[in-house]
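Given next are the chains, with one letter for each unit.
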Amino acid sequence: MNDYFPAFEMGPVSARGMRAVAPKIFRGIYAMPAFVTIPTADLEASVDFWVRGLGFVELFRNPGNVVHLRRWIFQDVLLVPAAPDAAPADVPAMAVSFSYVLSELDHLAASCAALLPGSVSGPRDTPWLTRDVEVITPERTRVVCTAPREFDQDSPEAQSLLAAGILAPDAE
């Protein structure tokens, strides 16, 4: 006996082969359960490639901080400017992010640091109102554990999101 069960209907495409129809671009705002973050030296060239080449749309941008691209639901890519003093070559450029809640981050950071000293950086607060802990795993994967912070409507971060057209979670 196992705990597996068919749940293909949860994905955006359950049909296979030539009868499968691509879903429409999903423009809703949701708490992303997982996404990739990709630093780039040329943000505009990267946006152009992802949009015109890979079929993503620019969902929104926070100038100088992030361009959020999306295709289908749960296919989210964040393009961010690469730091001028980019990380050493042995640190992966791309990162995968997984959602957590704030109360999990301290324990997670302590556990990872105990298992692999020097593997954890952060937490750091982002302009898009998350707190992130970055972990470099033993196989050199950059994993960002991200949790939403309290939403203060009057904060500079919230105002920046509002200017990009992103409403507060409880706003209508």
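Residues numbered from 1 in each chain as written. Predicted model: local features only at pLDDT ≥ 70, side-chain atom pairs only at ≥ 80, totals over all residues. Heavy atoms only, no water.

Draft legend 1. Local environment of the overall build of the protein. Across its full length, the protein carries three helices and eight strands. Along the protein, helices (α) and strands (β) appear in the sequence β-α-β-β-β-β-α-β-β-β-α when read from the amino end. When each of the 172 residues of the protein is scored for burial, the buried share is 30%. Taking contacts inside the protein between residues at least 6 apart in sequence as the whole, the part at least 24 apart equals 54%. Total accessible area on the protein stands at roughly 11200 Å², and carbon and sulfur atoms take up 60% of it. (Helix = DSSP H or I, 4+ residues; strand = E, 2+ residues; numbered from the N terminus. Buried < 20%, exposed > 50% of the residue type's maximum accessible area, 1.4 Å probe, protein only. Contact = heavy atoms within 4.5 Å. Areas by Shrake-Rupley, 256 points an atom, 1.4 Å probe, with all protein chains shown as cover.)

Draft legend 2. Focus on the sheet that holds strand β2 (residues 57-62). Taken in spatial order, the eight strands of this open sheet run β2-β3-β4-β1-β5-β8-β7-β6, and their pairing is mixed. Each edge of the open sheet is held by one strand with a lone partner, namely β2 and β6 (120-125). Geometrically, the sheet is characterised by an average inter-axis angle of 25 degrees between neighbouring strands, direction not taken into account. Taken together, the five bridges between strand β1 (residues 34-40) and strand β4 (residues 76-81) define a ladder with parallel strand orientation. Residue pairing across strands places Thr37 opposite Leu78, the latter belonging to β4. Across the sheet, helix α2 (residues 102-115) touches β6, β7 (130-136) and β8 (142-148), and the angle it forms with β7 is around 15 degrees. (Pairing = 2+ DSSP bridges. Axes fitted to C-alpha atoms, helices over the stretch in contact; angles between N-to-C directions.)

Draft legend 3. View of the packing of aromatic side chains. Across all of its chains, the model carries three aromatic pairs by this definition. Measuring from ring centre to ring centre gives 5.8 Å for Phe26 and Tyr30, while their planes differ by 45 degrees; the resulting arrangement is tilted. Taking the centre distance of 5.2 Å and the plane angle of 70 degrees together, the rings of Tyr30 and Phe74 count as edge-to-face. One end of the pair, Tyr30, is in the segment before β1; the other, Phe74, is in the loop between β3 (66-70) and β4, with 44 residues separating them in the sequence. (Phe/Tyr/Trp six-rings, centres within 6.5 Å; stacked < 30°, edge-to-face > 60°.)

Draft legend 4. A look at the nonpolar core. Among the nonpolar cores identified, the biggest contains nine residues, and these are Ile38, Leu43, Val47, Trp50, Phe56, Val67, Leu69, Val77 and Leu79. Every residue in contact with Ile38, bar those within four places of it in the chain, is listed here: Trp50, Val77, Leu78, Leu79, Val80 and Met94. By size, the runner-up hydrophobic cluster in this structure holds eight residues, among which are Leu108, Val133, Val143 and Cys145. (Core = buried A, V, L, I, M, F, W, Y, C linked by side-chain atoms within 4.5 Å.)

Draft legend 5. Focus on unusual backbone geometry. The step from Gly122 to Pro123 runs through a cis peptide bond, and the omega angle for that step is 15 degrees. Phi angles above zero are rare outside glycine, and Phe74 is one such case at about 70 degrees.

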